[in-house]
Amino acid sequence: VVVSTRVVLGLGLAGFGVRIFGMDPTWRRGTSIDGSPTTLVDTFLRWDADLFAKVGKVGYAASDRDATSFFPVYPQLCHALASLTPLTYEQAALIVSWTGFFFATWALVALVRTLWPERDGARAAVLLAWWPGSVFLLGGYSEATFLAIAGWFCVALVRGRLLPAALLAAAASGTRPEGVLLGAVLVGWLLWERRGIVRTVVLGAVSAVGLAAFSAFC
């Protein structure tokens, strides 16, 4: 409910802006001569979203080294959804972000209930959905996907599910550069809990697979 309300309000405000500024209130993507958005979808796909879209559509060109700053998990999810459905890439990008937003909120609620069983996590969910930066969870950026992965990593870790935590850390390390820090958290936790050097090394290596694979590709 919290996420759907936030998305609907975001769409409503974007539609209001489209009409106020005389843009085409459809789901057909386009830009005006000066680069301003001309459609409802385009209002959610500005700045770095264009670069993620470029990666999702054409991949990483050897001549475009700046593109390697945008890690592949999010744009590839968008590409896969667009390939398997009638959606355009731009529409798929929003669906992936909104789905990530939902799972990120669910993870936060699950984390609160795990750490503080007497609480239901509703307040945390509302704060996540309505903090000012949540606008980036609605657009074509990797933040929502990364937050969902990181959230469920935290849930898995505090519940003692070490292999799922390592796999989620691996996915995070292929989603955003800072995702590799989840692996560092996992290794630190394993050392603190004295879970064994071999297990620590193996799970630490698993947690960095995403970054290692992308680095090898580059």
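Our structure is the block above this text.
Our subject in this report is the structure included herewith. Computed from a predicted structure; not experimentally measured.

1. Here's the deal with the overall build of the chain
Assigned secondary structure in the chain consists of 11 helices and zero strands. Counting across all 218 residues of the chain, residues that qualify as buried make up 43%. In the chain, 57% of the contacts between residues at least 6 apart in sequence involve partners at least 24 apart. Accessible area of the chain: about 11800 Å², with a carbon and sulfur share of 68%.

2. Describing unusual backbone geometry
Positive phi, close to 55°, is recorded for Arg 194, a residue that is not glycine. Its location among the elements puts Arg 194 in the loop between helix H9 (180–192) and helix H10 (197–207). Taking relative accessible area as the criterion, Arg 194 reaches 78% and is therefore assigned exposed.

3. Let's talk about the environment of Leu 191
With respect to the helices, strands and loops of the structure, Leu 191 is situated in helix H9. Taking the C-alpha atoms as reference, Leu 191 lies 10.0 Å from Val 201; in sequence the two are 10 residues apart. Residues contacting Leu 191, with those up to four places away along its chain left out, are Ile 197 and Thr 200.

4. What about the pattern of salt bridges?
Side-chain pairs of opposite charge can arise where the charged atoms are in close proximity. According to the stated counting rule, one finds three salt bridges in the structure shown. In this structure, Glu 90 engages Lys 57 in a salt bridge whose closest nitrogen and oxygen atoms are separated by 2.5 Å. Of this pair, Glu 90 sits in helix H4 (residues 89–115) while Lys 57 sits in helix H2 (residues 48–58), and the two are 33 residues apart along the sequence. Given a relative accessible area of 9%, Glu 90 falls into the buried group. Assessed through its relative accessible area of 49%, Lys 57 is described here as partly exposed. Glu 143 is paired through a salt bridge with Arg 176; the nearest N and O atoms lie 3.5 Å apart. Here Arg 176 lies in the loop between helix H8 (162–173) and H9 and Glu 143 lies in helix H7 (residues 143–158), a separation of 33 residues in the sequence. Shared partners join several salt bridges into a network, and the residues in it are Glu 143, Arg 176 and Glu 178.

5. A look at the packing of H7 against H8
If you want to describe how two helices pack, look at the angle between their axes and the distance between the axes. It is the contact of H7 with H8, at a shortest axis distance of 8 Å, that shows an interaxial angle of 160°. The orientation of H7 with respect to H8, classified from their angle, is roughly antiparallel. Of the two elements, H7 crosses H8, and the hand of that crossing is left-handed. Residues Phe 146, Ile 149, Trp 152, Phe 153, Ala 156 and Leu 157 of H7 pack against Leu 162, Pro 164, Ala 165, Leu 168, Ala 169, Ala 171 and Ala 172 of H8. When the residues that make up the contact of H7 with H8 are grouped by side-chain class, the tally is 13 nonpolar, no polar and no charged.

Cut-offs applied
- Residues numbered from 1 in each chain as written.
- Predicted model: local features only at pLDDT ≥ 70, side-chain atom pairs only at ≥ 80, totals over all residues.
- Heavy atoms only, no water.
- Helix = DSSP H or I, 4+ residues; strand = E, 2+ residues; numbered from the N terminus.
- Buried < 20%, exposed > 50% of the residue type's maximum accessible area, 1.4 Å probe, protein only.
- Contact = heavy atoms within 4.5 Å.
- Areas by Shrake-Rupley, 256 points an atom, 1.4 Å probe, with all protein chains shown as cover.
- Salt bridge = Lys/Arg side-chain N within 4 Å of Asp/Glu carboxyl O.
- Axes fitted to C-alpha atoms, helices over the stretch in contact; angles between N-to-C directions.
- Parallel < 35°, antiparallel > 145°, perpendicular 65-115°, else oblique.
- Left-handed = near helix turned anticlockwise from the far one by under 90°.
- Nonpolar A, V, L, I, M, F, W, Y, C, P; charged D, E, K, R; others polar.

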